[in-house]
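Overview (structure and organization)
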Amino acid sequence: MLKKVFSVILLLAMMSLPQIVSAEKTDWFDRNFYFRNIRSVIVFDVTSNQGMGGDSITRRNLQDVYIQNAQKNLRCNIITEAQAQRMLNVESLAYSNPMQARHVIMQNAYQIADAWVVANVDTWDDNSYVKPGYTVWEQRRESRTYYDHYGNRREETYYIQVPVTYPPRRVDVSTLQMTLQVYEARRGEMIFARKDVRDREDYQAQKGMFGRICNSFFEDFGKKIR
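Here goes a summary of the coordinates provided.

Attention now goes to the overall build of the protein. Scanning the protein from N- to C-terminus turns up six helices and nine strands. Taking 226 residues into account, the globule formula puts the C-alpha radius of gyration at 17 Å, and the protein, at 27 Å, lies well above it. Over its C-alpha atoms, taken along the principal directions, the protein stretches across nearly 95 × 35 × 30 Å. Out of the 226 residues belonging to the protein, those deemed buried represent 37%. In the protein, the share of contacts with a sequence separation of at least 24, taken over all contacts with a separation of at least 6, comes to 74%. Of the roughly 14000 Å² that the protein leaves accessible, carbon and sulfur atoms contribute 50%. Charged side chains in the protein number 31 positive and 26 negative. The centres of these two groups are separated by 5 Å.

In this structure, the largest pocket spans a volume of roughly 280 Å³. Taken together, Asp45, Val46, Met52, Ser56, Arg59, Arg60, Gln63, Asp64 and Ile67 make up the full set of residues lining the largest pocket. Counted by class, the lining of the largest pocket contains three nonpolar, two polar and four charged residues.

Here aspartate 125 is to be found in strand 5 (residues 115–131). In this structure aspartate 125 comes out as partly exposed when scored by relative accessible area, which is 29%. In this structure, the C-alpha to C-alpha distance between aspartate 125 and glutamine 50, residues 75 residues apart in sequence, is 8.8 Å.

Below, the discussion takes up the pairing of strand 6 (residues 134–147). As a general feature of sheets, a regular strand has side chains that alternate between the two faces. One ladder, built from 14 bridges, connects strand 6 with strand 7 (residues 153–166); its direction is antiparallel. Across the sheet, residue tyrosine 134 finds its bridge partner in strand 7, namely tyrosine 166. Between strand 6 and the antiparallel strand that follows it, strand 7, lie five residues; glycine 151 among them carries a positive phi value of about 90 degrees.

Bringing unusual backbone geometry into the picture now. For residues other than glycine, phi is negative in most cases, and the peptide bonds are mostly trans. For asparagine 89, which is not glycine, the phi dihedral falls at a positive 55 degrees. Among the structural elements, asparagine 89 can be located in the loop between helix 3 (81–87) and helix 4 (91–96). The exposure class assigned to asparagine 89 is exposed, which follows from its relative accessible area of 67%. You will see that glutamine 204, though not glycine, has its phi angle at about 50 degrees, which is positive. Along the chain, the position of glutamine 204 falls in the loop between strand 9 (190–200) and helix 6 (206–225). The partly exposed category is assigned to glutamine 204, whose relative accessible area is 46%.

Right, let's talk about the side chain of aspartate 196 for a bit. Within the element layout of this structure, aspartate 196 appears in strand 9. According to the relative accessible area criterion, aspartate 196 is buried, its value standing at 0%. Among the polar contacts made by the side chain of aspartate 196, one reaches the side chain of arginine 198 at a distance of 3.0 Å. Contacts of aspartate 196, omitting those with residues within four sequence positions, involve Glu24, Lys25, Leu176, Gln177, Met178 and Ile213.

Nonpolar side chains in soluble globular proteins generally cluster together in the buried interior. Core analysis: the largest hydrophobic core is formed by 33 residues, its most contacted members being Ile38, Tyr66, Met178, Phe210 and Phe221. For this core, the secondary-structure elements that each account for two or more residues are strand 2 (40–43), helix 2 (56–73), strand 5, strand 8 (169–184), strand 9 and helix 6. Of the residues forming this core, the biggest block, eight residues, is contributed by helix 6. Leave out the neighbours within four places in its chain, and isoleucine 38 touches Phe33, Cys76, Asp114, Ala115, Ile191, Phe221 and Ile225. Formed by 16 residues, the second largest nonpolar core is a distinct cluster that contains Ile42, Val90, Ile105 and Tyr183.

Cut-offs and rules
- Residues numbered from 1 in each chain as written.
- Predicted model: local features only at pLDDT ≥ 70, side-chain atom pairs only at ≥ 80, totals over all residues.
- Heavy atoms only, no water.
- Helix = DSSP H or I, 4+ residues; strand = E, 2+ residues; numbered from the N terminus.
- Rg over C-alpha atoms; globule rule 2.2 N^0.38 Å.
- Buried < 20%, exposed > 50% of the residue type's maximum accessible area, 1.4 Å probe, protein only.
- Contact = heavy atoms within 4.5 Å.
- Areas by Shrake-Rupley, 256 points an atom, 1.4 Å probe, with all protein chains shown as cover.
- Lys, Arg positive; Asp, Glu negative; His and termini not counted.
- Charge placed at Lys NZ, Arg CZ, Asp CG, Glu CD.
- 1 Å grid on protein atoms, 1.4 Å probe; cavity = no way out; pocket = protein on both sides within 12 Å on 5 of 7 lines; lining within 4 Å.
- Points joined across faces, edges and corners; volume = space filled by probe spheres on them.
- Nonpolar A, V, L, I, M, F, W, Y, C, P; charged D, E, K, R; others polar.
- Pairing = 2+ DSSP bridges.
- Polar contact = N/O pair within 3.5 Å; in protein donor to acceptor, adjacent residues only side chain to side chain.
- Core = buried A, V, L, I, M, F, W, Y, C linked by side-chain atoms within 4.5 Å.

Next up, the structure:
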């Protein structure tokens, strides 16, 4: 009986938590490239087709999460985009035309690194749907008092099955899609790419998903270069 009660409590707890609707990763990598020769990587800032949370503070925090995951998982020298600008003397160009400065860095990346990484947030959306009401049978705890054959008062606990109706409710869904790519520095050819698409039944949950996407990508890339 106790086991049944625990199972019901666990089920209700799981129902109350945000649930992942879907998570899908699609990878490609160059099977002819020897990844273990990579000793230094330029990690460019994340770009976005959308707002990445909207405000500049959120974007800066996400950039920090991105770099931190690269530093944690890649056992090689990590060069940020700002550091690459200084090393290749394009800081003034980056101030006036950041995309042109990035292009210059990519053309000359072989001078300071073996590869570079770019990442783009393709989709950052918040949607919702209405989950219809439903009825399920659940266990309810009951108790009763009785007297045994010695006249002692006793209390007994038992459980009964009762129908419980849950009303319709709004369910928020957060969606995040990212494309992450690695290029070999000398020839500028792509050697590893991933498209990661995630949905979660929660309100504005993209920040957590962003961290997990970055960690997963750099962890898998790190395995290739060890």
